[in-house]
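Residue-level listing of the chains:
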Amino acid sequence: MRVSADRTELECTDTRSDCLSGAEIVLQCRAETLLTPPCTGYTIPAAMGLHTPATFFDKVWAAHVIRQFDDGVCLLHVDRHLIHDLEAGPRLNDLQRAGRNVARNDLTFATPDHALSSAIGRSTDTWPTGGRLLRAMRRGTAREGIRLFDLGTPDQGILHLVGPEQGITLPGTLLVCGDSHTCTHGGLGALAFGIGSSEVGHVLATQTLRQRRPGTLRLRFEGQLGAGVTAKDMILHAIGRLGTAAGRGHAVEYAGSAVRALAVDARLTLCNLSIEMGAKIGMIAPDDSVYEYLAGRPFAPKGALFDQALEHWRGLPSDEGALFDREEVLDASQITPQMTWGTSPQDVVPIDGYVPDPALEKDAERRQSIERALEYMGLKPGQAIAGTPVDWVFIGSCANSRLSDLREAANVVRGRQVARGVKAWVVPGSEQTRRQAEAEGLHRDFLAAGFEWRSPGCSLCVAANGELIPPGERCVSTANRNFVGRQGPGARTHLASPAMAAAAAITGQLTDVRRLPGAPASVNA
Amino acid sequence: MKSFVREEALAAPLMQANIDTDQIIRMQRLIEFPRGELGPYCLEALRFDEDGKERPAFAPHTPRYRGAGILVAAENFGCGSSREHAVWALIDWGVRAVIAPSFGDIFYNNSFQNGLLPVRLPAEEVTRIAAELERADKPRIAIDLEACTVTTPEGRVLRFEIEPDRRAGLLQGLDDIDMTLLDRALIEQFRRDDERTRPWIYRQTEQAIMKKVLILAGDGIGPEIMAQTRRVVEWFMAHRDVRMDLNEELFGISAWKTHGSLMREATWKAINDSDAILFGATGSPEYAKIPPEHNKFDQLLRIRKELDLFLNLRPVRALPALASASTLRPEVLAGTDLMLVRELAGGVYFGTPRGIETMPDGQRRVVNTMVYTESEIARIARAALLLARAREGRLCSIDKANVLENGVLWRDVVERVHREEFADVELSHLYVDNAAMQLVRNPRQFDVMVTENLFGDILSDCAAMVAGSIGMLPSASMNAPDSTRRQGLYEPIHGSAPDIAGQGVANPLGSILSFAMCLRHSFNLPQEAQFLEDVVERVVSAGIRTRDIADAGQASVSTVQMGDAVMLELERSAT
Ligand code: SF4
């Protein structure tokens, strides 16, 4: 196989040694995959020197390689670039200063989400720092002709909700954004990952990116989820089992019967926390539920073009027998509702479990880290996690603020009251989600129970918009990070699913949602 | 980005391990100061004590090392968070290179993006260099990136290792973006192939949406200037991936002479179907000869009305090269860059009752009516506020609220839209008489101005003098976007100039710049628009002038020669 500057001249020859060198150039293929027949006939991967059986990830990666450099780094084409308020203004200004323009404004999409007040009736300057960023974002996007889903328009929201909702995110696309939770879009079968500030500038100027190919990890969830157990519990459970470094340097493909059974919203949640497992990329092969989800969305292909895309998408899932660098299997039927107790997402236990006792930990470093976490979180070694009193509940973030999340929480809340002394917020992830939820009357359930029903954005997930959990107060959050100070200096964060967060709001303590009297048989229905 | 080839500079030791990016520049300073102004805060905590006094122990601040361009540091320099600002701060502080045994990964990468050279040498060498600096007469170090050597104060020559790509980039002053753009042809080839295999990535429908563009050259000098504009349009179609379906129809006197009708059915259909109309000019003494039943109304007004082109944009920018063509003093003009937004579909031009009547006593009386509905005012206000938001964020609304009720409602509605939807934009009001004065007194004060139809007509001519010549000024008129499209009509603001028609001396630049507006607003290609505007500016700056903008005594070029000059500059700029 020979790679030349002109892609149309790519050739693939039958000899194994040629294939080996070619494969190394293009994909650093593993030796095993070369035992299978060399590429023949039409597929994009074949044209790029990819050999069957290939993984889903490899197919998508290969279709985006413009060239590979000597050091193994690839120049990749970016199909979709999302920019948010923290990056848009500064990076577009850098670009202008450097005398450059945005290469493809039609493949770039912007919406403010991070530094935006979530107050009802908010405006540009409700949070002044965010106002400055938003102004710069408006100027920059207008100057470059980039589509902006602005504050106060019907499509604004957290980028990781807006992409899927608008049909901007498509299976097999390479999608990037200057935000680590970009892996969310893998739920629709996109190869999506977060990039750094200078990379944002690079993508704006060239619509390409230099990346080294990661390894592949398949994480299978086999079996059926129990009642009251959600995608959030699956991924928290996996992170607890495998650790926050498990996915480092890998693209994770989630597979198995429990994953196939998940609805699209839940798949987005599952992929969202890939980065908490150390993986920049998490993805799920697309299937009919994804195609149904996409049909008719504003930026999804229409008519005959949709059918053409569909044919391509159907060829994306990993081939039978494709080899992964690493494979893990978890039993979905054993997963119970999860609750984090510490300051890392891997500090997680089942809700009926116990906080670890550092005295029992032999590894000195680990012992100290548990001690530090318990001290920060104000928990006692070995205590039951359930029953811990809470001050705040936050239902929101790109992990869990979609319509299905709000429905799950509303099912728990309906007809009940938020416990005295607890402040509880629902922050829908996007205007579209908010409208849909309101059309179903979910906001009335929350408001009647004593929740605040707020405006879309990141809000208490990251506290970049002036909304903070006060020091020492305890919050159950449906977001994805429980780092020290994430929700404000000294704030104590417990991560859980929306139903579990709702249960905490109602009871005023960490609670197993399945034990609430009259709990629905299944909250993930 | 500045290249790095050889540097010989004062060097300072900073032998402290693990200096992280947070120590190099504090988070808070990033918010407070832009790039280029971070120098005073570089390594702040090490340099200054709590009271802001210099710490005597900080070596680079001692007289011996002050102003060092090279730092000699201990291991793991630039570790910690990924902030690129750390590199910026060092550069702003005057540092060109850092020598250390090891660097934070991200800091190391970022250095090459910004023209800072990180040199890795073994720890014991770094310690020795630091010692040499302490005892040298002149603590200077030379770094040669071509040879990959460091020459110590005592003259020892040490080789260092560096990634070949990185070295090449820095030697040429190319950052990652520049390096990638060297592969531009490859990227474009990839995209063309990819668009064939995966068209849905690039568009939503099976057929690529081809914008329909219609040329109506019209009367007087219209055909002459439009012939030059058409060359430019075709150049963009051939060379710049601007895809359109381009057609031309006769308009005005030429239509009358050819078709026996000022507006035949086919032309009207083409107008209705088009996404963008490039319009030349209208107006000719010959209209008087057309029988009144065939000349009932002004066809351009009819287009505006029927397409509901309510939004008229007239950008006014003072080109330094044309300062002498204006009657205003250069220092008054300099830096002017304003956008006049004129309401175009309502007001006294269309209001009824209107007409001249004879009263019972035999004298005649005239009535015109200035009519605006709230929604008509609101939509133009919204458009202007949106535009202001994307520019400097300032809108000045013009009315005559002290005399006309029309102005009272205008002001009321503009304020409401501003309050409810655009509170972030700075809004001010002027009476139209004062606005006319301010335009010639201090045009720089304006960012976006919005006003109703008649006032806009007058003020835009007034503003034209700021730009030097009316022959240079483009305009765009647009309707409200519906779900699929927004129609626009682009025309120079000058008229048909029957006095010079046919002489080949008219200035085509207003029309060519109108096409730039078309690229910006109808094609959403602001880069291409800017590219064309820059080309025009370079042509004018080079001294190539048609008669209307030539300095007294200066030779002038013909319409065609001006077109040639633009085409040549386009070719030259594109490579
Ligand atoms: S919701 Fe939280 S995790 Fe998601 S993009 Fe916003 S800040 Fe990041």
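Reading guide: rules and limits
Residues numbered from 1 in each chain as written. Chains lettered and ligands numbered in written order. Predicted model: local features only at pLDDT ≥ 70, side-chain atom pairs only at ≥ 80, totals over all residues. Heavy atoms only, no water. Pairing = 2+ DSSP bridges. Helix = DSSP H or I, 4+ residues; strand = E, 2+ residues; numbered from the N terminus. Axes fitted to C-alpha atoms, helices over the stretch in contact; angles between N-to-C directions. Core = buried A, V, L, I, M, F, W, Y, C linked by side-chain atoms within 4.5 Å. Buried < 20%, exposed > 50% of the residue type's maximum accessible area, 1.4 Å probe, protein only. Domains from an automatic or database assignment. Contact = heavy atoms within 4.5 Å. Buried area = accessible area lost by both parts, 1.4 Å probe. Salt bridge = Lys/Arg side-chain N within 4 Å of Asp/Glu carboxyl O. Polar contact = N/O pair within 3.5 Å; in protein donor to acceptor, adjacent residues only side chain to side chain. Near = heavy atom within 4 Å. Nonpolar A, V, L, I, M, F, W, Y, C, P; charged D, E, K, R; others polar.

Residues and elements named next belong to chain B. Ordered by their spatial adjacency, seven strands build an open sheet running 4-3-2-1-5-6-7, and the pairing between neighbours is mixed. Strands at the two margins of the open sheet, each flanked by one partner only, are strand 4 (117-120) and strand 7 (157-159). Here the strands of the sheet are splayed against their neighbours by 30° on average, with no regard to which way each runs. Sheet topology places strand 1 (residues 6-14) next to strand 2 (residues 70-73); four bridges connect them, and they run parallel.

Right, let's get into the nonpolar core. Residues and elements named next belong to chain B. With 67 residues, the main nonpolar core has Phe236, Val341, Phe515, Leu532 and Leu570 as its most contacted residues. Take this core: its biggest share by element is nine residues, from helix 15 (residues 374-390). Taken domain by domain, the makeup of this core includes at least three residues from each of domain 2 (211-308 + 481-575) and domain 3 (327-353 + 364-467). If near-sequence neighbours (up to four positions away) are discounted, Val341 is found in contact with Leu311, Asn312, Leu313, Ile380, Ala384, Leu387, Val448, Met449, Val450 and Thr451. Ile25, Leu46, Tyr65 and Leu90 belong to the second-largest nonpolar core, a separate cluster that totals 54 residues.

All names here are of chain A. Examined at the domain level, chain A breaks down into domain 1 (215-285 + 322-334) and domain 2 (344-515). The C-alpha-based centres of domain 1 and domain 2 are spaced at 21 Å. With 17 residues of domain 1 at the contact, the number on the domain 2 side is 21 residues. Interface of domain 1 and domain 2: buried area, both sides summed, is about 1400 Å²; carbon and sulfur atoms make up 54% of it. Linking domain 1 with domain 2 are one salt bridge.

Contacts between the two partners involve 38 residues from chain B and, on the opposite side, 58 residues from chain A. For the pair chain B and chain A, the summed buried area comes to about 4100 Å², and 55% of that belongs to carbon and sulfur atoms. On the chain B side of the contact with chain A, Phe190, Trp200 and Gln204 of chain B bury the most area, a combined 19% of that side's loss. Put simply, chain B and chain A have six salt bridges between them. Notably, a salt bridge pairs Arg138 of chain A with Asp424 of chain B, separated by 2.4 Å at the nearest N-O pair. Scanning the region where chain B abuts chain A turns up 20 residue pairs in polar contact (both at pLDDT 80 or more).

The local shell around the ligand consists of His114, Ile158, His160, Asp179, His181, Ser397, Cys398, Cys458, Cys461, Val462, Asn480 and Arg486 of chain A. Taken together, the residues that form the shell around the ligand break down as five nonpolar, five polar and two charged.

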